[in-house]
Amino acid sequence: MMPLTMLKSGESGKILKIGGQKEVKNFLGKLGFVVGEEVSVVSSQSGNIIVQVKDSRVAVSKVIANKIMI
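Residues numbered from 1 in each chain as written. Predicted model: local features only at pLDDT ≥ 70, side-chain atom pairs only at ≥ 80, totals over all residues. Heavy atoms only, no water.

Undergrad: Which parts of the structure should I look at to understand the overall build of the protein chain?
TA: In terms of helices and strands, the protein chain carries 2 helices and 6 strands. By the compact-globule yardstick of 11 Å for 70 residues, the protein chain fits well, its C-alpha radius of gyration being 11 Å. Principal-axis analysis of the C-alpha atoms gives the protein chain an extent of 30 × 25 × 20 Å. Here the protein chain, with 70 residues, has 33% of them falling under the buried criterion. Taking the contacts inside the protein chain whose residues are at least 6 apart along the sequence as the reference set, 50% of them involve residues at least 24 apart. Surface accessibility of the protein chain: about 4300 Å² in total, with carbon and sulfur atoms responsible for 52%. (Helix = DSSP H or I, 4+ residues; strand = E, 2+ residues; numbered from the N terminus. Rg over C-alpha atoms; globule rule 2.2 N^0.38 Å. Buried < 20%, exposed > 50% of the residue type's maximum accessible area, 1.4 Å probe, protein only. Contact = heavy atoms within 4.5 Å. Areas by Shrake-Rupley, 256 points an atom, 1.4 Å probe, with all protein chains shown as cover.)

Undergrad: Which parts of the structure should I look at to understand the sheet that holds strand 1 (residues 12-14)?
TA: Strands belonging to one sheet form pairs held by backbone hydrogen bonds; the direction of such a pair is parallel or antiparallel. A sheet is described by the order of its strands in space; here 4 strands give the open sequence 1-3-4-5, paired in antiparallel fashion. Only two strands of the sheet have a single neighbouring strand rather than two, namely strand 1 and strand 5 (56-61). Recorded for the sheet is a direction-independent mean angle of 35° between the axes of neighbouring strands. Direction of pairing for strand 3 (residues 38-44) relative to strand 4 (residues 48-53): antiparallel, over a ladder of 5 bridges. If you follow S43 over to strand 4, its bridge partner there is I50. (Pairing = 2+ DSSP bridges. Axes fitted to C-alpha atoms, helices over the stretch in contact; angles between N-to-C directions.)

Undergrad: Could you clarify how one ought to interpret the environment of L31 in this entry?
TA: In this fold, L31 is placed in helix 1 (residues 22-31). Classification of L31 as partly exposed rests on a relative accessible area of 30%. Considered as a pair, L31 and V53 are 22 residues apart in the sequence and their alpha carbons are 8.2 Å apart. Not counting residues within four places of it along the chain, the set of residues in contact with L31 comprises V53 and V58.

And the structure:
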């Protein structure tokens, strides 16, 4: 198990765990980040990571991405 930030552009993985407080988990769940869902990294820039989750591309900060374990 490793954080989402460890993936490079073009790599994908399945979400195994989402950490953080309840508000963070709820926020990520509304964006489509749920346990068992496949995510792939589109690009990683200075402070953000753009990922493909379900049928959407979402930008999340690296701080939040570190709470998503794959």
